[in-house]
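If you want the building blocks of each chain, they are given just below.
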Amino acid sequence: MAEPLALVATAHPTVLLWPDFDQGTLCRPPVAGCARRSDDGGMMHQMRAEYGADGEAGGVRLWHMVRGEESVAMCGRELDPAARVREAVDWGKTPELCCHTCGAYFLREAPYLAAEHP
């Protein structure tokens, strides 16, 4: 991913602006996981399941966030590479709990843009 070109102070916390090469301008980054893709076309973030002692048959114990298609969660927990995955936009919308630490790291990488959340 390209590096930010500018820091802009606004009424909200500092906003990083990224190059929009198609338009030749600066723009805010899209919300991670919301159809955001890395330079190689892969997802920037996705949710990956952690199973309990009974494995997949016992159901999801906790959801973690991973970068790309990694099997190590943002909190550092090693997850089964074959574990179920969900799109990042499902974070907080599951009946199972989501890892608090992963959520904190994810939110630092995925700014809330009110205009994208009507």
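Provided above is the structure to which this section pertains.
Residues numbered from 1 in each chain as written. Predicted model: local features only at pLDDT ≥ 70, side-chain atom pairs only at ≥ 80, totals over all residues. Heavy atoms only, no water.

**Student:** What is the right way to read the pairing of strand β5 (residues 60-67) from this model?
**Tutor:** Successive side chains on a regular strand alternate, one facing one side of the sheet and the next facing the other. Burial analysis of β5 places six of its eight residues in the buried class, which makes it a mostly covered element. As defined by bridge partners, strand β4 (residues 45-51) adjoins β5 across seven bridges and the pair is classed as antiparallel. Residue pairing for β5: H45 is matched across the bridge by R67. (Buried < 20%, exposed > 50% of the residue type's maximum accessible area, 1.4 Å probe, protein only. Helix = DSSP H or I, 4+ residues; strand = E, 2+ residues; numbered from the N terminus. Pairing = 2+ DSSP bridges.)

**Student:** Is there a simple way to explain helix α1 (residues 100-109) in this structure?
**Tutor:** Residues separated by three or four positions in an α-helix point in the same direction, a consequence of the helix having 3.6 residues per turn. Residues of α1 that are buried include every one of C102, G103 and F106, and no others. Angularly, the buried residues of α1 cover 100 degrees about the axis, an arc narrow enough to put them on a single face. Opposite the packed face of α1, turned more than 90 degrees from it, sit the exposed residues H100 and R108. On the buried face of α1, the contacting elements are β4 and β5. (Arc of directions from axis to C-beta. Contact = heavy atoms within 4.5 Å.)

**Student:** For this particular structure, what's the right way to read the pattern of salt bridges?
**Tutor:** Opposite charge on two side chains makes pairing possible when the charged atoms of those side chains draw close. Applying the stated criterion across every chain yields a total of four salt bridges. In this structure, E50 and R77 form a salt bridge, with 3.3 Å as the shortest nitrogen-oxygen distance. On the criterion of sequence distance, the pair formed by E50 in strand β4 and R77 in the loop between β5 and β6 (85-87) is long-range, its members being 27 residues apart. For the salt bridge of D90 with R86, the shortest nitrogen-to-oxygen distance reads 3.2 Å. Here D90 falls in the partly exposed class, since its relative accessible area comes to 22%. Where salt bridges share partners, they join E50, R61 and R77 into one cluster. (Salt bridge = Lys/Arg side-chain N within 4 Å of Asp/Glu carboxyl O.)

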